[in-house]
Amino acid sequence: MRCLKKNKREFWYALYLGNEDGKDENGLYTGEHTAKYSTPKKYKANISAAKSASMNGDVIVETFGTDIQYDKIIVIDEPNFEIDEHTVLCIDKPLTYDANGSMEYDYIVTKAARSLNSVSYAIRRVTVDG
């Protein structure tokens, strides 16, 4: 199934590059680690509305299983798209940066489900303290 162009919404994403060792004002390592992300990139994809909670007794099919916690699903019609389970996203808020120049994101990818023609990403809303 293809994604309809008219249903696509714009969002920003940043790929996880690894951890960066923290240093103090003298250049000595502090033992703290900070996640490092790529420069944010803009993309358009189909983003679902918020997931509704199921009622007791309902039988439903879960795309990502029952143990994955997520709020929305992004569907992209490129099965080898670069987003993975370590990517951070700006979806419901505009792209902004904190005092350190890092993207202030509002969602993280929790799971990817790939098929022949598309990939679905389960995403969860998070609150990041800057």
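Conventions adopted
- Residues numbered from 1 in each chain as written.
- Predicted model: local features only at pLDDT ≥ 70, side-chain atom pairs only at ≥ 80, totals over all residues.
- Heavy atoms only, no water.
- Pairing = 2+ DSSP bridges.
- Helix = DSSP H or I, 4+ residues; strand = E, 2+ residues; numbered from the N terminus.
- Axes fitted to C-alpha atoms, helices over the stretch in contact; angles between N-to-C directions.
- Buried < 20%, exposed > 50% of the residue type's maximum accessible area, 1.4 Å probe, protein only.
- Contact = heavy atoms within 4.5 Å.
- pLDDT = per-residue confidence, 0-100.
- Salt bridge = Lys/Arg side-chain N within 4 Å of Asp/Glu carboxyl O.

**A few points about the sheet that holds strand β4 (residues 41-47)**
Overall, antiparallel pairing links the six strands, which are arranged β1-β4-β5-β8-β7-β6 in a closed barrel. For this sheet, the mean inter-axis angle between neighbouring strands, taken without regard to orientation, is 45°. Pairing geometry for strand β1 (residues 8-14) and strand β6 (residues 88-90), over three bridges, is antiparallel. Within β6, the residue paired with Ala-14 across the bridge is Val-88.

**Quick look at the environment of Lys-72**
Considering the arrangement of structural elements, one finds Lys-72 in strand β5 (residues 72-76). Here Lys-72 falls in the buried class, since its relative accessible area comes to 9%. For the pair formed by Lys-72 and Tyr-121, sequence separation is 49 residues and the distance between their alpha carbons is 8.3 Å. If we skip the residues at most four places from it in the chain, Lys-72 touches Arg-9, Ile-47, Ser-48, Ala-49, Ala-50, Ile-91, Asp-92, Tyr-107, Tyr-121, Ala-122 and Ile-123.

**Describing the side chain of Ser-38**
Topologically, Ser-38 is positioned in the loop between β3 (29-37) and β4. Ser-38 sits in the buried class, given a relative accessible area of 17%. Contacts of Ser-38, omitting those with residues within four sequence positions, involve Ala-14, Leu-15 and Leu-17.

**Section: the confidence of the model for the protein chain**
Averaged over all residues, the pLDDT of the protein chain equals 83, while 83% of them reach at least 70. Throughout residues 55-61 the model reports pLDDT below 50, and contacts reaching past four residues in sequence, or to other chains, amount to one contact.

**Points about the pattern of salt bridges**
For the structure shown, the criterion picks out eight salt bridges. For Lys-8, the salt bridge goes to Asp-77, with nearest N and O atoms at 3.8 Å. Placement of Lys-8 in strand β1 and of Asp-77 in the loop between β5 and β6 is noted, with a sequence separation of 69 residues between them. Using a relative accessible area of 18% as the deciding quantity, one classes Asp-77 as buried. Between Asp-92 and Arg-125 there is a salt bridge, with the nearest N and O atoms lying 3.3 Å from each other. Linking Asp-92 in the loop between β6 and β7 (107-114) with Arg-125 in strand β8 (residues 119-125), this pair joins segments that are 33 residues apart in sequence. Salt bridges here are not isolated pairs; linked through shared partners, they connect Arg-9, Lys-72, Asp-92, Asp-106 and Arg-125.

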